[in-house]
Amino acid sequence: MTAVPDIEFRGVTKRYGAVTAVTGIDLAVPPSAFVALLGPSGCGKTTCLRMIGGFEQPSEGQVLIRGRDMAGTPPYRRPVNMVFQQYALFPHLDVEANVSYGLRQARPRLSSQEIGRRAGEAVEMVRLAGYGGRKIHELSGGQQQRVALARALVNKPAVLLLDEPLAALDKKLRTDMQIELQNLQREIGITFVLVTHDQEEALSMSDFVCVMNGGRIVQLGQPSEIYDEPADLFVADFVGKTNLLSGKVAGHTGDLVNVALADGTVIAARKRTALQKGESVSVSLRPESLSLGATEGSPFKGIVRNRIFLGSTAEYAIEVQGIGTLLAKADHVIGHSNLFKPGEPVAIGFASGTPLAFPEIKNNGTNQRVAKNVEIIS
Amino acid sequence: MKRKTGGPMSAGLGAVFMRGNRFRHNFLTALLLAPATAWLVVFLVLPFIAIAVFSVGERAPEGGYQAAFTLAQYANLPARATAFWNTMMLAPVGALACLLVAYPVAYYLALKAPQRWRLILLALVVIPFWTSLLMRTYAWMYILGGRGIPALLAFIGIEDVRLINTPGAVLLGIVYGYLPLMILPIYVSLERLDRRLLEASADLGATPLSTFLGVTLKLSLPGVMTGFSLVMILLLGEYLIPTLLGGGKVFFIGNALVDLFLQSRNWPFGSAIAITLVAVSVVVLIAANRISTRVSGTRRVDLI
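Residues numbered from 1 in each chain as written. Chains lettered and ligands numbered in written order. Predicted model: local features only at pLDDT ≥ 70, side-chain atom pairs only at ≥ 80, totals over all residues.

Student: Explain the overall build of chain A to me, please; I cannot follow it from the model alone.
Tutor: Along the backbone of chain A there are eight helices and 20 strands. The principal-axis extents of the C-alpha atoms in chain A amount to approximately 75 × 50 × 40 Å. Relative to all contacts within chain A whose residues are 6 or more apart in sequence, the contacts with residues 24 or more apart total 67%. (Helix = DSSP H or I, 4+ residues; strand = E, 2+ residues; numbered from the N terminus. Contact = placed C-beta atoms within 7 Å.)

Following this line, the structure appears as structure tokens:
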């Protein structure tokens, strides 16, 4: 028995004149999930969100909310609410009036006691008690963000839509809000759909990440899946940092493919699709999968060019003859000065995981591979 | 206990430079403001003072002004009560009629008109200003007069329609003449309106009508009040349109002023009426400002 998805896209395509924003989106979001739509700007993620909100109508296909087709249903009749980019708070109303705005639209009308009580609860939930009489422009960015959240949650929507909610906040506040949003979602137990271009934000907050590119869904999965097992070169490159080395397929050993790199080194890599011998490929090596100073079985030798010390870890840019610059990441243990200095020669080995080889993307354009019938099974 | 001498010294030096800078800055500001200030002093402040002085004086036997200090002119204001009453009716009603016509136009221009047509349509609103109001009002005299629309109506069998020299004709002339002044400030405030606020309102369950009443209208109120007070103040001194389209049968303050200054040459009484008119205008402006501040939360009333 599968539960009715909170949000469902069935073959949704959206065109603006001659421009196609999204193509053939199939997606089912289970109840009470925190889903992130992740992608570069122009990938169609915001269009998808706006189609859920009812601000755009799909050119083809259906958008369903809790099993109900939303075609022709205007935004004000949909059981979803949105936290807008830059919040879009009403400047002529104070905090209290902003939060209670949605309650005052309810028909039949709610009593003023009911409105006051529920608005008060919402304000308290986002820890803004005592700020009810403030004007919007008197609040800090973080406080405005909380007002926007309270305003969107006060109507008890089936789904909360968040359009780049943390983009306007500084880094420290952003991290705090990430935790707070996660807690909030668990507490009230409704589905959150987050749109972001920040892969860190998507990975850290959500239960599922839906990576989009060129108007299509490229990969759907749990954050660790997306990071560890990227579906293609785009995802590997877009999510997290990685080293991409070009080479040619030299042969196969079991499930693995042997790739000859530019300097002649041959490394074994896993693959996603069948690869022909002689085919140009890119091999993705995560910085943390590289180990430094290993002596035996080290495929590369290089010279440390830069050291970026980050506290718990240190990142190194290492120049390898014939390959280019590799980024490697090493844990730092307090008190052990195991750091390498710029200019120091260093051997590079594989610490964990096997590299992944992807067919080279031609003409540097958008990825045309289509992931069919993507569905989250929870 | 050694004192560092470098600090205070350099601070003192800095202050000297600062003072020099500030002096130059002030001088430049004064230079830039001088022409406008001189103009306003000579053509606005001095005449206003003269009028204020005249208003407490007496009419010379041969007409004009004779020095005195009396409030008799103000006490005499009820003699022109009808003109005041007519003006006080015409100005708000005219401004309101103007507003009712202008708001939908401004709304269309700012929110509905296609982007590439917007500038052209806006220009069309302003273009009538290129011809003098006198000419355009004369044109209306002809259109509304016996050989204009009434003649056309007679042609299709509706006889004896009187349009010219009626209050309706005056109202029509006013709306026509002052429409751009009402449209532009409303357009500006609607154009500046953040569209996402309208989406947010819809998202929170507001129907288009309640979004309009709760967000659009309230946030465009500064523009509405600017347009309203602009038109109303101009209407308080309006003379031309009632004379030409109303047949001069209804007496307004503007007519009273022309009569007192040019015909009966009772300058002090005319001055007293003018001062009262200015006082009324100031009250209107303050009230409009208060209303828009209270409702939309902004203090700014932009004069276009």
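Student: Explanation requested: the overall build of chain B in the structure shown.
Tutor: The helix and strand inventory of chain B stands at 13 helices and two strands. Here chain B has a C-alpha radius of gyration of 27 Å; the compact-globule value for 304 residues is 19 Å, and the former is much larger. Principal axes of the C-alpha set define a box for chain B whose edges measure 105 × 70 × 35 Å. For chain B, the proportion of its 304 residues judged to be buried stands at 32%. The long-range fraction of contacts in chain B, counting pairs at least 24 apart against all pairs at least 6 apart in sequence, stands at 74%. (Rg over C-alpha atoms; globule rule 2.2 N^0.38 Å. Buried ≥ 20, exposed ≤ 12 C-beta atoms within 10 Å, placed from the backbone.)

Student: Got a minute to help me understand the nonpolar core in this structure?
Tutor: The nonpolar side chains of soluble globular proteins are, as a tendency, buried together. Formed by 108 residues in total, the largest nonpolar core has its most connected members in Leu37, Ala150, Val193, Cys210 and Val211 of chain A. For Val193 of chain A, the contacting residues outside a window of four places in its chain are Ile7, Val29, Val35, Leu37, Leu49, Ile52, Val159, Leu161 and Leu162 of chain A. Ala91, Cys98, Leu221 and Ile233 of chain B belong to the second largest nonpolar core, which has 51 residues in total. (Core = buried A, V, L, I, M, F, W, Y, C linked by C-beta atoms within 7 Å.)

Student: Is there a simple way to think about the interface of chain A and chain B in this case?
Tutor: How big an interface is tends to be stated in terms of the accessible area lost upon association of its parts. Each side of the interface is counted separately: chain A has 19 residues, and chain B has 17 residues. Elements represented by at least two residues in the side of chain A that touches chain B include exactly strand 6 (80–83) and helix 2 (95–104) of chain A. The class makeup of the residues in the side of chain A that touches chain B is 11 nonpolar, six polar and two charged. (Nonpolar A, V, L, I, M, F, W, Y, C, P; charged D, E, K, R; others polar.)

Student: What should I look at first to understand unusual backbone geometry in this one?
Tutor: In most cases, non-glycine residues show a negative phi, while peptide bonds are predominantly trans. Residues and elements named next belong to chain A. The omega torsion across Arg107 and Pro108 is 0 degrees, close enough to zero to call that bond cis. One can find Pro108 in the loop between helix 2 and helix 3 (112–125). The residue Tyr87 is not glycine, and still its phi comes out positive at about 75 degrees. Within the element layout of this structure, Tyr87 appears in the loop between strand 6 and helix 2. Positive phi outside glycine occurs at Glu164, with the angle close to 45 degrees. The residue Glu164 is located in the loop between strand 7 (159–163) and helix 5 (171–188) in this model.

Student: Sorry, what's going on with the environment of Ser204 of chain A here?
Tutor: Along the chain, Ser204 of chain A falls in helix 6 (residues 199–205). The exposure class of Ser204 of chain A is partly exposed, given the 16 C-beta atoms found within 10 Å.

Student: Help me out: how do you make sense of the domain arrangement of chain A in this one?
Tutor: Residues and elements named next belong to chain A. Assigned domains of chain A: these are domain 1 (7–233) and domain 2 (244–362). Taking the mean C-alpha position of each, domain 1 and domain 2 sit 38 Å from one another. Contacts between the two partners involve four residues from domain 1, matched on the other side by five residues from domain 2. (Domains from an automatic or database assignment.)

Student: Even after reading the chapter, I still don't get the sheet that holds strand 4 (residues 60–65) of chain A, so can you show me in this structure?
Tutor: Backbone hydrogen bonds are what pair the strands of a sheet, in a parallel or an antiparallel way. Residue and element names in this part refer to chain A. Here we have four strands laid out as an open sheet, ordered 2-1-4-5, and antiparallel in their pairing. On the outer flanks of this sheet lie strand 2 (19–29) and strand 5 (68–69), each paired with one strand and no other. By the bridge criterion, seven bridges tie strand 1 (residues 7–16) to strand 2 in an arrangement that is antiparallel. Paired with Lys14 across the strands is Val22, a residue of strand 2. (Pairing = 2+ DSSP bridges.)

Student: It is not clear to me how the sheet that holds strand 19 (residues 345–350) of chain A should be interpreted in this structure. Could you clarify?
Tutor: Residue and element names in this part refer to chain A. If you trace the five strands from one edge of the open sheet to the other, you get 15-19-16-17-18, paired in antiparallel fashion. Two strands bound the open sheet, and with one partner strand each, they are strand 15 (290–292) and strand 18 (324–331). Between one strand and the next, the sheet's axes are offset by a mean angle of 45 degrees, whatever the strand orientation. As paired strands, strand 16 (residues 300–309) and strand 17 (residues 313–320) are joined by seven bridges and run antiparallel to one another. Note on strand 17: the bridge partner recorded for Ile308 is Glu315. (Axes fitted to C-alpha atoms, helices over the stretch in contact; angles between N-to-C directions.)

Student: It is not clear to me how helix 7 (residues 167–191) of chain B should be interpreted in this structure. Could you clarify?
Tutor: Residues and elements named next belong to chain B. Counted at 1.5 Å a residue, the expected span for helix 7 with its 25 residues is 36 Å, and the 34 Å between its end C-alpha atoms agrees. By the largest-angle criterion, Tyr178 marks the main kink of helix 7, which is about 50 degrees, and a proline, Pro180, follows within four residues. Helix 7 sits mainly inside the fold: 18 of its 25 residues count as buried. (Expected span 1.5 Å × (residues − 1). Bend = angle between axes of the 7 residues up to and from the residue.)

Student: What exactly am I supposed to notice about the confidence of the model for chain A here?
Tutor: Detailed reading of the predicted coordinates is not advisable wherever pLDDT is low. Across chain A, the average pLDDT comes to 88, with 94% of residues at 70 or higher. Every residue in residues 363–378 of chain A scores below 50 in pLDDT, and together they form 27 contacts with partners more than four places removed in sequence or on other chains. (pLDDT = per-residue confidence, 0-100.)

Student: Just checking my understanding: could you explain the domain arrangement of chain B for this structure?
Tutor: All names here are of chain B. With domains assigned, chain B is organised as domain 1 (6–55) and domain 2 (78–296). When each unit is reduced to the centre of its C-alpha atoms, the spacing between domain 1 and domain 2 is 38 Å. Domain 1 puts four residues into the contact, and the matching count from domain 2 is six residues. Broken down by class, the residue content of the side of domain 1 that touches domain 2 amounts to three nonpolar, one polar and no charged.

Student: It is not clear to me how the confidence of the model for chain B should be interpreted in this structure. Could you clarify?
Tutor: Residue and element names in this part refer to chain B. Per-residue confidence for chain B gives a mean pLDDT of 86; residues scoring 70 or more make up 91%. Within chain B, the element-level pLDDT minimum falls on helix 1 (residues 6–55), averaging 79, and the maximum on helix 8 (residues 195–203), averaging 95. Ignoring residues within four places in sequence, the model shows residues 1–11, a span with pLDDT below 50, making zero contacts including any to other chains. Contacts from residues 299–304, a stretch scored under 50 in pLDDT, to residues over four places away or in other chains number 15 contacts. Reported for the predicted complex are a pTM of 0.80 and an ipTM of 0.84.

Student: Whenever I open this one, helix 1 (residues 45–53) of chain A confuses me. Can you help?
Tutor: Residues and elements named next belong to chain A. Judged by how many residues are buried, helix 1 sits mostly within the fold: nine of nine residues are covered. All buried positions along helix 1 are accounted for by Lys45, Thr46, Thr47, Cys48, Leu49, Arg50, Met51, Ile52 and Gly53. Residue Gly54 follows helix 1 closely and has a positive phi angle near 95 degrees.

Student: How should I be thinking about the environment of Asp194 of chain B in this particular structure?
Tutor: Residues and elements named next belong to chain B. Here Asp194 shows up in the loop between helix 7 and helix 8. For Asp194, a count of 16 C-beta atoms within 10 Å puts it in the partly exposed group. Linking Asp194 and Ser281, residues 87 residues apart in sequence, is a C-alpha distance of 32 Å.

Student: Before we go on, may I ask you to explain the packing of helix 12 (residues 253–263) of chain B against helix 13 (residues 267–296) of chain B in this structure?
Tutor: Geometry of a packed helix pair, given as the angle between the helix axes and the separation of the axes. All names here are of chain B. At a closest axis distance of 8 Å, the pairing of helix 12 and helix 13 adopts a crossing angle of 155 degrees. What the angle tells us is that helix 12 and helix 13 run roughly antiparallel. At the point where helix 12 passes helix 13, the crossing takes the left-handed sense. Residue-level contacts link Ile253, Ala256, Leu257, Leu260 and Phe261 of helix 12 to Trp267, Phe269, Gly270, Ile273, Ala274 and Leu277 of helix 13. Grouping the constituent residues of the contact of helix 12 with helix 13 by class yields 10 nonpolar, one polar and no charged. (Parallel < 35°, antiparallel > 145°, perpendicular 65-115°, else oblique. Left-handed = near helix turned anticlockwise from the far one by under 90°.)

Student: I'm lost on the pairing of strand 17 of chain A in this one. Help?
Tutor: Each regular strand shows side chains that alternate between the opposite faces of the sheet. Counting the residues between successive antiparallel strands, the hairpin from strand 16 of chain A to strand 17 of chain A contains three residues, one of them, Gly311 of chain A, with a positive phi of roughly 95 degrees. Linking two consecutive strands that pair antiparallel, namely strand 17 of chain A and strand 18 of chain A, is a turn of three residues; a positive phi of about 85 degrees is found at Gly322 of chain A within it.

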